[in-house]
Amino acid sequence: MPPTLDGDRHGVVESVERLSGEDYLVFFRNIRDIDAAQRLAGSFCLARTEDVGESLAQTPGLRLEGCRVVDIALGEVGVVSGIVDNPSQQLLEVTSSDGSVFLVPNVDAIVVSFDVDARIVRTSLPAGIMDL
């Protein structure tokens, strides 16, 4: 079942425990019951580098810059050349092989998965997004 858009979208991290590899157990100050936690299951947790501890900020794989962007329908479309932090959502700045740059909303419906070891971000890009 995909994560829902209902429920809390912003929170304050109370603590973070590394489980294994790239898996973390994150406790939020505003999530106090199992129902609220289950609504967030499967969602991405985005945080500014300056807001997390030094050891977590330096964890390999948390940086998407330099990852190849491979679309389900189009194949390889470029490389993540930067991250744009907007108040409403994070955007991946992607530079294509011809040097053009386009922005990809970093949301579950578009960024399908990422393989940090292979340095690949898999997407399902909406029609025309590369032309904006």
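Higher on the page you've got the structure.
In this report, the structure presented in the accompanying data block is examined. Just so it is clear, the structure is predicted and the values come from calculations on it, not from any experiment.

Rules used throughout
- In this convention, every chain numbers its residues from 1, walking through the sequence in written order.
- A pLDDT threshold of at least 70 governs which residues receive local features in this predicted model, and a stricter bar of 80 or more applies before side-chain atom pairs are shown or counted, although totals over entire chains, interfaces and linings include all residues.
- Note that the side-chain values use all heavy atoms of the structure and ignore hydrogens as well as water.
- In DSSP terms, a helix is any run of H or I states spanning at least four residues, a strand is any run of E spanning at least two, and both are numbered starting from the N terminus.
- Exposure is judged per residue with a 1.4 Å probe applied to protein chains only, and the accessible area is read against the type maximum: over 50% gives exposed, under 20% gives buried, and values in between give partly exposed.
- Note on contacts: a residue pair qualifies if any of its non-hydrogen atoms lie within 4.5 Å across the two residues.
- All accessible-area figures derive from a Shrake-Rupley calculation using a 1.4 Å probe, and residue coverage is judged against the displayed protein chains alone.
- Pairing between strands is defined by DSSP: at least two bridges between the two strands are required.
- Interaxial angle, 0 to 180 degrees, is taken between N-to-C directions of lines fitted to C-alpha atoms, where a helix line uses only the stretch in contact.
- By the counting scheme adopted, Arg and Lys are positive, Glu and Asp are negative, and His together with the chain ends is not counted.
- Salt bridges, as used here, are contacts in which a Lys or Arg side-chain nitrogen is within 4 Å of a carboxyl oxygen on Asp or Glu.
- Whenever two N or O atoms come within 3.5 Å, that pair is a polar contact, provided that in protein one can donate a hydrogen and the other can accept it, and provided that, for residues adjacent in sequence, both atoms are side-chain atoms.

1. Quick notes on the overall build of the chain
And step 1. Within the chain one finds 2 helices and 8 strands.
And step 2. Element order for the chain, N to C, with α for helix and β for strand: β-β-α-α-β-β-β-β-β-β.
And step 3. The proportion of buried residues among the 132 residues of the chain is 24%.
And step 4. Considering only intrachain contacts with a sequence separation of at least 6, the fraction spanning at least 24 residues in the chain is 34%.
And step 5. When the accessible surface of the chain is summed, it comes to about 8900 Å², and 53% of that surface belongs to carbon and sulfur atoms.

2. A word on unusual backbone geometry
And step 1. Even without being a glycine, Arg119 presents a positive backbone phi close to 60 degrees.
And step 2. When you line up the elements, Arg119 lands in the loop between strand S7 (111-115) and strand S8 (120-123).

3. Quick word on the pairing of strand S4 (residues 75-85)
And step 1. Examined bridge by bridge, strand S3 (residues 68-71) and S4 share 4 bridges and lie antiparallel to one another. Following the sheet pairing, Arg68 is matched in S4 by Val79.
And step 2. Connecting S3 to the antiparallel partner S4 that follows it, the hairpin turn spans 3 residues.
And step 3. One ladder, built from 6 bridges, connects S4 with strand S5 (residues 90-95); its direction is antiparallel. When the bridges of S5 are listed, Asp85 appears paired with Gln90.
And step 4. The antiparallel pairing of S4 with S5 creates a hairpin that spans 4 residues between the two strands.

4. Examining the sheet that holds S4
Consider a sheet: its strands pair through backbone hydrogen bonds, and that pairing is either parallel or antiparallel.
And step 1. Within the open sheet, the 6 strands sit side by side as S6-S5-S4-S3-S8-S7. Their pairing is mixed. The open sheet has two free edges, formed respectively by strand S6 (101-105) and S7, since each of these has just one partner strand. Direction aside, the axes of adjacent strands within the sheet are offset by 35 degrees on average.
And step 2. In this structure, S3 lies alongside S8, joined through 4 bridges in parallel fashion. Bridge pairing in S8 places Asp71 opposite Thr123.

5. Description of the side chain of Asp71
And step 1. Along the polypeptide, Asp71 turns up in strand S3.
And step 2. Despite its burial, Asp71 pairs with no opposite charge; the closest candidate is Arg122, at 9.9 Å N-O.
And step 3. There is a polar contact of 3.0 Å between the side chain of Asp71 and the backbone nitrogen of Ala73.
And step 4. A polar contact of 2.7 Å, which involves the side chain of Asp71, links it to the backbone nitrogen of Leu125.
And step 5. Residues within four places of Asp71 in sequence aside, it is in contact with Val77, Thr123, Ser124 and Leu125.

6. Topic: the pattern of salt bridges
And step 1. Across all of its chains, the model carries 1 salt bridge by this definition.
And step 2. Glu76 is the partner of Arg68 in a salt bridge, and the nearest nitrogen-oxygen pair spans 3.1 Å.

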